[in-house]
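As a plain string of letters, each chain reads:
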Amino acid sequence: MNIENIDKEKMEFIFKVKNAVEAGKISVFAGNLTLKDRYNSIKPYEFAYIEQNLKSFDENQCKKEDLSLLLALFDGMFDHSILNLDKDHPISKYLDENKVIKNLISRLRQLSKEKFIKNKYFEVFDGFCGYEKHMKRKQNQLYPILETKGFDRPTTTMWTLDDYVLNETSKMRKILENEDQNSEKIFVDKLESFCCDVEDLVNKEEIILYPTSLKLISDKEFEEMKAGDVEIGFFKIDGYKNDELEKENIKNFSDDDFKNEILEVINKYTDGSSGILDVRNGKLTLDQINLIFRNMPVDLTYVDENDIVRFYTDTKERIFTRSKNVIGRNVYNCHPRKSVPLVKEIIKNFRAKRQKEAEFWLELPDKFLYMNYKAIYDDDGNYKGVLEMMTDISKFKNMKGFRTRPNYI
């Protein structure tokens, strides 16, 4: 982790005391006194350093971490205050969304004390619709930047908790929808555990993630993050005051920044003045190439031979969320932890030429997704990466016979 002047001796001592408390060798009270005897405070980014560099990796660690024990151990020492943030700061938006979630959890706990009325619970769970936008901004905006600072292990495990909470939210809703006579009891029995899981996520964000982000991420990086935030959207709060400006920044990224980034490549194949690129089968300008990719009826993502995401198509009908922060990111950090072994297996087989293509499909309530992964090799047979193609094939399922005149959509 790139934090200047980190006191490694302090980090190792705190880690040793924390381990002793968790193992039951000393009490939380004794651990707290031991730490206070040597240090005045511990910052969230210092705790993040311990998570990154001293703890052995456990993919379920984020879920297992006892936050109440942590706060008790560091009582009077842990400074995670966030002061004087502008209302349009990206972290302010996350905090505002957390207020919405806290209110929903509070409402669920209030209902649990009253006579069970299913529709009242439905109203609350309707309020969770869109919560995935909060998660997607973290995963596609905040986590990638933190990973460039060396903060990749905590974000990876936290992604697991993000997905766990979204999955539990969906499960609770399904139990509520079930007309079985036992569903009411099952729902009530699981409700407090669900509330605690959501609170745990919110607390980890506010106590560790956001203060650490403010320490590691520059004002300029936060400002650049806003365009992608707007593209993904917000959870039941207003966007930035200058949303239109941010949308224009998105357009500028696609049309101008991209041009500048590949100008050197273009000049290798053109005279530098005509702007015509001599592609494999034709001649196109960069504007034409951008238009083709932005209007494709499928989603494409290209990962190079070093497992770095280099490109995705910015289509209006994009199936899964993407933002420009995914560019230049290791592909394994772009997936939930449970999916990484499969991604590694596919790439390993492609690199060794044991397989050259892999396909999957997934039936959802409103979509039928087809995903194809194709190995890319140059003319000499050298592995050059993976091209991922994804599309919704729902409309193809019931097609029969033929159509000789266009069906305008």
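Read on for an overview of the structure. Predicted, not measured: the structure shown is a model, and the values here were computed from it. (Residues numbered from 1 in each chain as written. Predicted model: local features only at pLDDT ≥ 70, side-chain atom pairs only at ≥ 80, totals over all residues. Heavy atoms only, no water.)

## As for the nonpolar core
1) Next: Counting 42 residues, the largest nonpolar core has Ile101, Leu108, Phe128, Tyr131 and Leu142 as its most contacted members.
2) Next: Broken down by secondary-structure element, the contributors of at least two residues to this core are helix H6 (90–111), helix H7 (118–126), helix H8 (131–148), helix H9 (153–177), helix H10 (183–216) and helix H11 (219–232).
3) Next: For this core, the element with the most residues is H10, which contributes ten residues.
4) Next: Those residues within four positions of leucine 142 in sequence are excluded, and the remaining contacts are Ile91, Tyr94, Arg137, Leu209, Tyr210, Ser213, Ile217, Phe222 and Met225. (Core = buried A, V, L, I, M, F, W, Y, C linked by side-chain atoms within 4.5 Å. Buried < 20%, exposed > 50% of the residue type's maximum accessible area, 1.4 Å probe, protein only. Helix = DSSP H or I, 4+ residues; strand = E, 2+ residues; numbered from the N terminus. Contact = heavy atoms within 4.5 Å.)

## What about the pattern of salt bridges?
1) Next: Tallied over the full model, the rule gives 26 salt bridges.
2) Next: Close ionic contact of glutamate 114 with lysine 120 constitutes a salt bridge, the shortest N to O distance being 3.9 Å.
3) Next: Residue lysine 185 is joined to aspartate 189 by a salt bridge in which the shortest nitrogen-to-oxygen separation is 2.8 Å. Of this pair, lysine 185 and aspartate 189 both sit in helix H10, four residues apart, roughly one helical turn. (Salt bridge = Lys/Arg side-chain N within 4 Å of Asp/Glu carboxyl O.)

## Description of helix H15 (residues 340–351)
1) Next: Across its twelve residues, H15 extends 16 Å between first and last C-alpha, which sits within 8% of the 16 Å expected from 1.5 Å per residue.
2) Next: Considered for burial, the residues of H15 that qualify are Val340, Val343, Ile346, Ile347, Asn349 and Phe350.
3) Next: Lysine 353 sits one or two positions beyond H15 and adopts a positive phi of about 65 degrees. (Expected span 1.5 Å × (residues − 1).)

## Some points on the sheet that holds strand S7 (residues 383–392)
1) Next: Spatially, S4-S3-S7-S6-S5 is the arrangement adopted by the five strands of the open sheet, whose pairing is antiparallel. The strands lining the two open edges of the sheet, one partner per strand, are strand S4 (309–312) and strand S5 (357–363). Between one strand axis and the next, the sheet turns by 15 degrees as a mean value, whatever way the strands run.
2) Next: Note that strand S3 (residues 299–303) and S7 share five bridges and pair antiparallel. Its bridge partner being in S7, aspartate 299 is matched across the sheet by methionine 390.
3) Next: Seen against the sheet, H15 touches S5, strand S6 (368–377) and S7 and runs at an angle of roughly 130 degrees to S7. (Pairing = 2+ DSSP bridges. Axes fitted to C-alpha atoms, helices over the stretch in contact; angles between N-to-C directions.)

## Here's the deal with the side chain of serine 183
1) Next: Secondary-structure assignment places serine 183 in helix H10.
2) Next: There is a polar contact of 2.9 Å between the side chain of serine 183 and the backbone oxygen of asparagine 178.
3) Next: With sequence-adjacent residues up to four places away left out, serine 183 is seen in contact with Ile175 and Asn178. (Polar contact = N/O pair within 3.5 Å; in protein donor to acceptor, adjacent residues only side chain to side chain.)

## So, the pairing of S4
1) Next: As defined by bridge partners, S3 adjoins S4 across three bridges and the pair is classed as antiparallel. Directly across from threonine 301, in S4, lies its bridge partner tyrosine 312.
2) Next: Between S3 and S4, which pair antiparallel one after the other, the connecting turn spans five residues, and aspartate 307 there sits at a positive phi close to 70 degrees.

## Points about the environment of lysine 10
1) Next: For lysine 10, the location among the structural elements is in helix H1 (residues 8–22).
2) Next: A relative accessible area of 10% places lysine 10 in the buried class.
3) Next: In sequence terms lysine 10 and tyrosine 39 are 29 residues apart; their C-alpha atoms lie 8.2 Å from each other.
4) Next: Contact partners of lysine 10, with chain neighbours within four places excluded, come to Tyr39, Ser41, Ile42 and Glu46.

## A few points about the pairing of S6
1) Next: The buried count for S6 comes to seven of ten residues, which makes it a mostly enclosed element.
2) Next: In this antiparallel pair of consecutive strands, S5 and S6, the connection spans four residues.
3) Next: Note: S6 against S7, nine bridges, orientation antiparallel. For alanine 375, the partnering residue across the bridge sits in S7 and is valine 386.

## Notes on unusual backbone geometry
1) Next: One non-glycine residue with positive phi stands out, namely aspartate 307, at about 70 degrees.
2) Next: Mapped onto the elements, aspartate 307 comes out in the loop between S3 and S4.
3) Next: Even without a glycine there, the phi angle at lysine 353 is positive, about 65 degrees.
4) Next: With respect to the helices, strands and loops of the structure, lysine 353 is situated in the loop between H15 and S5.

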